Amino acid sequence: MQSVSTQLIDDVFVVVVDNPPVNALSWHVRQGLHDGFGQGLADPAVKAIVLRCAGSTFIAGADITEFGKPPQGPDFNAVLNMIEASDKPVVAAIHGTALGGGLETALVCHYRIAVPSAKLGVPEVKLGLLPGAGGTQRLPRVVGVEAAATMCSLGEPVPAPKAEAMGLVDRMAGENSLAEDAIAYARELIAAGPRPTRERSVTGDIAAIEQLKAANARKWRGFEAPYANLACVEAATHLPFDEGLKFERAEFLKLMGGSQSAAQRYMFFAERQAAKIDGFPKDLPLRDVKKVGVIGAGTMGGGISMNFLAKDIPVTIVEMVQENLDRGVGVIRKNYEASAVKGRFTAEQVEGMMGLLTSSLSLDDLADCDLVIEAVYESMDVKKEVFGKLDTICKPGAILASNTSYLNIDEIAASTSRPQDVVGMHFFSPANVMKLLEVVRGEKTADDVLATAMAVGKKIGKVAVVAGVCHGFIGNRMLSTRQQPAMQLLLEGATPAQIDKVHTDFGMPMGPFQMSDLAGLDIGWHRDPARVESIRDALCAAGRFGQKNRKGFYDYDEKRVGTPSDEALSIIEEFRATSNLSKREISDQEIVERTLYPMVNEGYKILEEGKAQRASDIDVVWIYGYGWPIYRGGPMFWGDLEGTGKIVEALERNGVKVAESLKAKA
Ligand code: 3HC
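Residues numbered from 1 in each chain as written. Predicted model: local features only at pLDDT ≥ 70, side-chain atom pairs only at ≥ 80, totals over all residues. Heavy atoms only, no water.

A.B. asks: How do you make sense of the sheet that holds strand β6 (residues 111–114) when you look at a structure like this?
C.D. replies: Across a sheet, paired strands are connected by hydrogen bonds in the backbone, their directions being either parallel or antiparallel. What the 6 strands build is an open sheet, ordered β1-β2-β3-β4-β6-β9; its pairing is mixed. Because the sheet does not close on itself, it has two edges, and the strands there are β1 (4–9) and β9 (171–172). Of the pairings in the sheet, the one linking β6 to β9 comprises 2 bridges and is parallel in character. What sits directly across from Ile113, in β9, is Arg171. (Pairing = 2+ DSSP bridges. Helix = DSSP H or I, 4+ residues; strand = E, 2+ residues; numbered from the N terminus.)

A.B. asks: I'm lost on the environment of Asp63 in this one. Help?
C.D. replies: Here Asp63 lies in the loop between β3 (48–53) and α2 (76–84). Here the alpha-carbon distance between Asp63 and Pro89, two residues 26 residues apart in the chain, equals 27 Å. Those residues in contact with Asp63 that lie beyond four places of it in its chain are Ala24, Leu25 and Ser26. Polar contacts involving the side chain of Asp63 include one to the side chain of Ser26, which spans 2.9 Å. (Contact = heavy atoms within 4.5 Å. Polar contact = N/O pair within 3.5 Å; in protein donor to acceptor, adjacent residues only side chain to side chain.)

A.B. asks: Explanation requested: the environment of Arg632 in the structure shown.
C.D. replies: Mapping Arg632 onto the fold places it in the loop between α24 (615–626) and α25 (634–642). Using a relative accessible area of 25% as the deciding quantity, one classes Arg632 as partly exposed. In this structure the C-alpha to C-alpha distance between Arg632 and Ala235, which are 397 residues apart in sequence, comes to 28 Å. Leaving out residues up to four positions away in the same chain, Arg632 has contacts with Ala263, Asp505, Phe506, Phe637 and Trp638. (Buried < 20%, exposed > 50% of the residue type's maximum accessible area, 1.4 Å probe, protein only.)

A.B. asks: Which parts of the structure should I look at to understand the packing of aromatic side chains?
C.D. replies: The description of an aromatic ring pair rests on the distance of the ring centres and on the angle between the ring planes. Enumeration over the complete set of coordinates arrives at 16 aromatic pairs. Look at Trp220 and Tyr227: their rings are 5.6 Å apart centre to centre, the planes differ by 80°, and that puts the pair in the edge-to-face class. Among the aromatic residues, those joined into a ring-pair cluster are Phe428, Phe506, Tyr597, Trp622, Tyr626, Trp628 and Trp638. Arg272 extends its terminal NZ or CZ atom over the ring of Phe268, reaching a point 3.7 Å from the ring centre. (Phe/Tyr/Trp six-rings, centres within 6.5 Å; stacked < 30°, edge-to-face > 60°. Lys NZ or Arg CZ within 6 Å of the ring centre and 35° of its normal.)

A.B. asks: What am I meant to see in the nonpolar core here?
C.D. replies: Here is a general trend for soluble globular proteins: nonpolar side chains tend to be buried in one another's company. Among the nonpolar cores identified, the biggest contains 83 residues, and Ile474, Trp622 and Trp628 are the most heavily contacted of them. Counting residues per element, this core draws most heavily on helix α23 (residues 588–608), at 8 residues. Counting the residues that make up this core, at least three belong to each of domain 2 (292–470) and domain 3 (494–583). Not counting residues within four places of it along the chain, the set of residues in contact with Trp628 comprises Phe506, Met508, Leu596, Met599, Trp622, Ile623, Gly633, Gly634, Pro635 and Trp638. Within the second largest apolar cluster, 69 residues are counted, among which are Ala114, Val145, Met151 and Val169. (Core = buried A, V, L, I, M, F, W, Y, C linked by side-chain atoms within 4.5 Å. Domains from an automatic or database assignment.)

A.B. asks: Whenever I open this one, the domain arrangement of the protein chain confuses me. Can you help?
C.D. replies: Think of interface size as the accessible area that goes away when the parts come together; that is how it is often given. For the protein chain, the assigned domains are domain 1 (4–257), domain 2 (292–470) and domain 3 (494–583). For domain 2 and domain 3, the distance between their C-alpha centroids amounts to 32 Å.

A.B. asks: Would you explain helix α26 (residues 644–653) in this entry?
C.D. replies: Working note: α-helix, 3.6 residues per turn, so residues spaced by three or four point in the same direction. Regarding α26, the residues found buried are Thr644, Ile647, Val648, Ala650 and Leu651. Buried residues in α26, looked at end-on, bunch into an arc of 165°, giving them a common side. Buried-residue contacts for α26 involve α23, α25 and α27 (660–665). The first or second residue beyond α26 is Gly655, which carries a positive phi of 75°. (Arc of directions from axis to C-beta.)

A.B. asks: Explanation requested: the sheet that holds strand β8 (residues 158–159) in the structure shown.
C.D. replies: Within the open sheet, the 3 strands sit side by side as β5-β7-β8. Their pairing is mixed. Strands with a single pairing partner mark the edges of an open sheet, and in this sheet they are β5 (97–99) and β8. Inspection of the sheet shows strand β7 (residues 119–121) paired to β8 by 2 bridges, in the antiparallel sense. Bridge assignment links Lys119 to a residue of β8, and that residue is Pro159. Sheet contacts for helix α3 (residues 101–108): β5 and β7; angle to β5, the most-contacted strand, approximately 90°. (Axes fitted to C-alpha atoms, helices over the stretch in contact; angles between N-to-C directions.)

A.B. asks: Any chance you could explain helix α9 (residues 225–238) here in plain terms?
C.D. replies: Taking 1.5 Å as the rise per residue, α9 with 14 residues should run 20 Å; its terminal C-alpha atoms sit 21 Å apart, in good agreement. Taken together, the buried positions of α9 are occupied by Ala225, Pro226, Ala228, Asn229, Leu230, Cys232, Val233, Ala235 and Ala236. Buried positions along α9 lie against α4 (135–143), α5 (145–154), α8 (207–215), α10 (241–257) and α11 (259–274). (Expected span 1.5 Å × (residues − 1).)

A.B. asks: Any chance you could explain the site of the ligand here in plain terms?
C.D. replies: What surrounds the ligand is a group of 23 residues, the closest being Ala62, Gly101, Glu104, Glu124 and Arg272. Ala60 places a polar main-chain atom, nitrogen or oxygen, 2.9 Å from a nitrogen atom of the ligand. In the environment of the ligand, an oxygen atom lies 2.8 Å from a nitrogen or oxygen atom belonging to the backbone of Gly101. Surface burial for the ligand is 70%, taken as the share of its 990 Å² of free accessible area covered by protein chains. Among the elements that take part in the shell around the ligand, α11 stands out by supplying 3 residues, more than any other. Grouping the constituent residues of the shell around the ligand by class yields 13 nonpolar, 5 polar and 5 charged. (Near = heavy atom within 4 Å. Areas by Shrake-Rupley, 256 points an atom, 1.4 Å probe, with all protein chains shown as cover. Nonpolar A, V, L, I, M, F, W, Y, C, P; charged D, E, K, R; others polar.)

A.B. asks: Any chance you could explain the packing of α3 against α4 here in plain terms?
C.D. replies: Each pair of packed helices can be summarised by the angle the axes make with each other and by the distance between the axes. Contact geometry for α3 and α4: axes closest at 10 Å, N-to-C directions at 55°. Accordingly, the angle class assigned to the pair α3 and α4 is oblique. As for how α3 packs across α4, the hand of that crossing is left-handed. Contact residues: Glu104, Leu107 and Val108 in α3; Gly135, Arg138, Leu139 and Val142 in α4. Along the lines of polarity and charge, the residues of the contact of α3 with α4 split into 4 nonpolar, 1 polar and 2 charged. (Parallel < 35°, antiparallel > 145°, perpendicular 65-115°, else oblique. Left-handed = near helix turned anticlockwise from the far one by under 90°.)

A.B. asks: Can you help me understand the pattern of salt bridges in this one?
C.D. replies: Evaluated as defined, the whole model comprises 47 salt bridges. Between Glu609 and Arg477 there is a salt bridge, and its shortest N-O distance comes to 3.0 Å. Taken together, the residues Glu609 in the loop between α23 and α24 and Arg477 in helix α18 (residues 475–492) connect sequence positions 132 residues apart. Judged by relative accessible area, which is 44%, Glu609 ranks as partly exposed. The exposure class assigned to Arg477 is buried, which follows from its relative accessible area of 10%. Arg544 is the salt-bridge partner of Asp555, the closest N and O atoms lying 2.4 Å from each other. One end of the pair, Asp555, is in strand β18 (residues 554–556); the other, Arg544, is in the loop between α21 (535–541) and β18, and 11 residues separate them in sequence. A relative accessible area of 1% means that Arg544 is categorised as buried. Each member of the salt-bridge network shares a partner with another, and the members are Glu84, Arg138, Arg198 and Asp242. (Salt bridge = Lys/Arg side-chain N within 4 Å of Asp/Glu carboxyl O.)

Quick look at the structure:
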């Protein structure tokens, strides 16, 4: 396989990597670099060397598909050491993204030239890893401890102009003249000669490392990789270069062999796989979406609208009452202004986005929209009425989407004369923040409508997943399987705080009862305080509705920080007294088995019924919609790690009907 070519231009030798789509460092690229540089180094006519890439980007990293497979081709570090030891100056010419092993390759080159649009970074931490080819040792020698620690532990790429200011890029090239500019630069450097990074000294203060840890403590809870990255950068400050490399290698191998990185690498591909619709050609023509209508200016409708406005897509938002419309539009503005204060937008951009928003009290104003998303009250009758009206108002070919989180899309579609144009687009609250979009495929949804809804999701920065019609689709259907046993565990003697802690220790952002309090305990309550048939009825009867009135399973202060509530606990005790159950000690393991295992089981049922295309889609839903910790790879991945045999045994012991496909796997 020939993925590296060379050419001699007068006295400058150019090595070109060409390994689409992202010039990953597959074994044949490493081989090509080894051979190419070997040739250039041996040729006395060569006075300087340029490394550049064909296609859309500089090397975007190691080839992740090779991880975990038997090694093939030359060792990457050996190739890098050979480049760094060159006695002729070597220039990396960077366009697109120089990421991970790509940036590490650029760091062994003695100088770096980049186009203004390029980005440079070490995103390994997002794969549960660290730069394993000297990145943690060479970056601090080029940009200093603070910048290196930040880049390694957060993994965010740096735009080329900033990289130049940091000293990571030595020279800016013209956007369209990188190849020539790099050769001219290399020629200029012949007199200066090589500048091996390993010989430079580390600058800066390690106090920056502790500051990063303090600032990100919450975000990094449960993660191993950010800390391992920082330990390596710190090692660079006190170990000789080769010792530092050894330390880095040992840390890299530890992470590579662990389950967190396995989960995060799996999710990298799972996320990309989710965008694919089985059986659809890649080039299926899509419908144009230039103007969007949103019905409902509440929290959901407003959040949904913000996604489109931020991508310069005009939105018409419709409400029934002027006061609600004004409030909704006001909230959108307030949210954007708050983001502007944080520096995410300029004041001008806020005005630009608000200028794209039209508000209306009439559905008739949606006549020219290409996509209409309904986000009204969750009632089948209300939805049917809205869709019936949209059918008479919207232009032919418009996509009619419902944001319902549970209801049957086919039934909603049947209230129109164009069920082929109806699809579910289920956003997660807050809709302008949460990355998940469940795109619900109805029985009659046209292929191009489904594909367009998925593409729209991608355009507005969501991770979109196809779901089939069933109660609660993928995410909420699985959520409900943990809620019921969690309640039962309360009756048997566990406390809300104990159950929630098991979930938060697992890595979830909140547990079942914290989530119930956030959503509101009175949602779906029959509103008869005399009728107490469940713990939730009992809490509502006592006026405990959740965070909204600062009393639910927990008591809340004015900042909505919850603490265990004696009143709630005695309500639970009283309710238990009406049942035949006696209180017993519940172990954390039992909580895991009874609240998390059923979710895995439900995932298998969803797959059996064809309501998700693939197991990894279910994992994507839980990670991007509900905050399942990415280092545990989603419920399906975690189920395998935990052991399907163990799960089936526990489910059966607890009287849960086990999915046939799960039993078969156990
Ligand atoms: N290895 C293997 N395949 C990769 C890859 C990699 N490093 N990076 C991307 N791909 C594949 C994707 O899976 C996708 O395949 P598909 O078309 O079959 O789905 C294809 O390349 C295109 O990728 P994207 O859809 O992500 O394309 P974008 O243009 O949106 O983004 C990118 C390009 C910014 C380079 C993005 O792909 C990316 O972030 N890649 C990962 C970069 C990374 O993490 N690098 C570090 C790797 S680990 C490492 O280097 C270890 C070292 O320290 C030893």
